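If you want the building blocks of each chain, they are given just below.
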Amino acid sequence: MGAFTKTWAFLDFGAGVLALVSLTSAVLWGLAATDQLVLHTNHRLIAQGVHRAAAVGGLCFLALHVWVKVAESHTSAATIVVPFADANQPVLIGLGTIAGYLFTMAAVTGAVRSAFASTGKSRWRYRWWRALHVAAYPAWCAALIHGLKAGRPAKDWATAGYVMALAGVAVALWIRLASRRAQGERTDGIEVRNPPARGRQESRTGRAAPSVPRPRSAEPDRRDTEPLGASRGWGR
């Protein structure tokens with residue numbers, strides 16, 4: 001009975017922390033999976049696998065955290081479903097509810113990414129997928145505020161952990177933006193996305209496009225104005 005009590009007490013305090021740590025790791029590894037300056041293709045595949053595993057683990061800890069808080073009567077089941085419905089801390093608990101919805105949406109869209117990015121799908125569907133999947137960023141910010149202020153007063157080490165998590169995500173996001181900017185400068189923009197028409201014609205027909213002769217200048221040629229044989233020295 002003592003072990004069960006200690007485990008329950010740990011879950012009451014630690015399930016939410018483990019959820020936030022796992023979801024923070026998912027955000028970091030998701031940013032790492034898009035890097036093209038440092039990581040190679042195989043490394044990015046590994047980062048993507050860790051990103052998905054951390055997201056699944058974070059959602060499991062999140063569900064455990066919600067179940068423990070409802071079982072302990074710290075909040076009600078209606079509050080978990082309806083944001084900002086808590087009587088004591090409507091804003092802070094509501095942020096946790098919104099974070100849960102957004103994280104779930106990001107996880108679902110990540111699982112069905114192939115349905116949006118498969119061959120034949122229009123580009124706007126992929127943009128919709130991207131807009132829904134990046135909901136993980138505001139969800140993570142809301143979860144950070146919820147975890148820091150909604151529960152018991154955070155200890156110094158917990159506050160330091162939140163600050164380190166915030167700094168890590170900020171640095172990873174900055175590296176991602178810098179990587180995209182550098183990639184755009186290397187590819188020189190329009191020339192890569194819009195190859196010349198002649199190159200497209202050569203790729204389709206396997207032959208070079210016929211060249212059009214340039215019109216001759218209206219000015220008389222210098223050789224036409226010289227006497228016959230002058231260029232060869234016959235006039236001497």
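Residues numbered from 1 in each chain as written. Predicted model: local features only at pLDDT ≥ 70, side-chain atom pairs only at ≥ 80, totals over all residues. Heavy atoms only, no water.

Draft legend 1. Summary view of the overall build of the protein chain. For the protein chain, the count of helices and strands is 11 helices and 0 strands. For the protein chain, the N- to C-terminal ordering of α and β elements is α-α-α-α-α-α-α-α-α-α-α. Relative to its 236 residues, the protein chain shows a buried fraction of 25%. Counting contacts in the protein chain only where the partners sit at least 6 residues apart, residues at least 24 apart contribute 61% of the total. As presented, the protein chain carries roughly 16,600 Å² of accessible surface, and 64% of it is formed by carbon and sulfur atoms. (Helix = DSSP H or I, 4+ residues; strand = E, 2+ residues; numbered from the N terminus. Buried < 20%, exposed > 50% of the residue type's maximum accessible area, 1.4 Å probe, protein only. Contact = heavy atoms within 4.5 Å. Areas by Shrake-Rupley, 256 points an atom, 1.4 Å probe, with all protein chains shown as cover.)

Draft legend 2. Representation of the packing of aromatic side chains in the model. A full pass over the atoms with the stated rule returns 1 aromatic pair. Considering the side-chain rings of Trp 8 and Trp 67, the 5.4 Å spacing of their centres and the 80° angle between planes classify their relative orientation as edge-to-face. Residue Trp 8 is found in helix H1 (residues 2-32), and its partner Trp 67 is found in helix H2 (residues 41-71); the two are separated by 59 residues along the sequence. (Phe/Tyr/Trp six-rings, centres within 6.5 Å; stacked < 30°, edge-to-face > 60°.)

Draft legend 3. Highlighting the confidence of the model for the protein chain. Across the protein chain, the average pLDDT comes to 75, with 73% of residues at or above 70. Of all the helices and strands in the protein chain, helix H9 (residues 190-193) carries the lowest mean pLDDT, 41, while H2 carries the highest, 91. Scored below 50 in pLDDT, residues 188-204 makes 12 contacts in the model with residues more than four places away or belonging to other chains. The low-confidence segment residues 222-236, where pLDDT is below 50, has 4 contacts with residues more than four positions distant or belonging to other chains. (pLDDT = per-residue confidence, 0-100.)

Draft legend 4. Quick peek at the packing of H1 against H2. Remark: H1 packs on H2, axes separated minimally by 7 Å, with the N-to-C direction vectors making an angle of 155°. Of the possible angle classes, the one that applies to H1 and H2 is roughly antiparallel. Between H1 and H2 lies a crossing of left-handed hand. Grouping the constituent residues of the contact of H1 with H2 by class yields 20 nonpolar, 8 polar and 2 charged. (Axes fitted to C-alpha atoms, helices over the stretch in contact; angles between N-to-C directions. Parallel < 35°, antiparallel > 145°, perpendicular 65-115°, else oblique. Left-handed = near helix turned anticlockwise from the far one by under 90°. Nonpolar A, V, L, I, M, F, W, Y, C, P; charged D, E, K, R; others polar.)

Draft legend 5. Representation of H1 within the structure. In this model H1 runs 42 Å from its N-terminal to its C-terminal C-alpha over 31 residues, within 8% of the 45 Å that 1.5 Å per residue would give. Taken as a whole, H1 carries its principal kink of about 45° at Gly 14. (Expected span 1.5 Å × (residues − 1). Bend = angle between axes of the 7 residues up to and from the residue.)

Draft legend 6. Molecular detail of the pattern of salt bridges. Summed over all chains, the structure comprises 1 salt bridge. Asp 12 is the salt-bridge partner of Lys 69, the closest N and O atoms lying 2.9 Å from each other. Taken together, the residues span a long stretch of sequence, with Lys 69 in helix H2 and Asp 12 in helix H1 at a distance of 57 residues. When its relative accessible area of 12% is taken as the criterion, Asp 12 is described as buried. (Salt bridge = Lys/Arg side-chain N within 4 Å of Asp/Glu carboxyl O.)

Draft legend 7. Representation of the nonpolar core in the model. Leu 20, Phe 103 and Trp 140 are the most contacted members of the largest nonpolar core, which totals 21 residues. Mapped onto this core, the elements with two or more residues apiece are H1, helix H4 (90-111), helix H7 (136-149) and helix H8 (156-187). At 6 residues, H7 tops the list of elements feeding residues into this core. Discounting residues that sit within four places of it in the chain, Phe 103 has contacts with Leu 23, Leu 59, Ala 136, Ala 139, Trp 140 and Ala 143. (Core = buried A, V, L, I, M, F, W, Y, C linked by side-chain atoms within 4.5 Å.)

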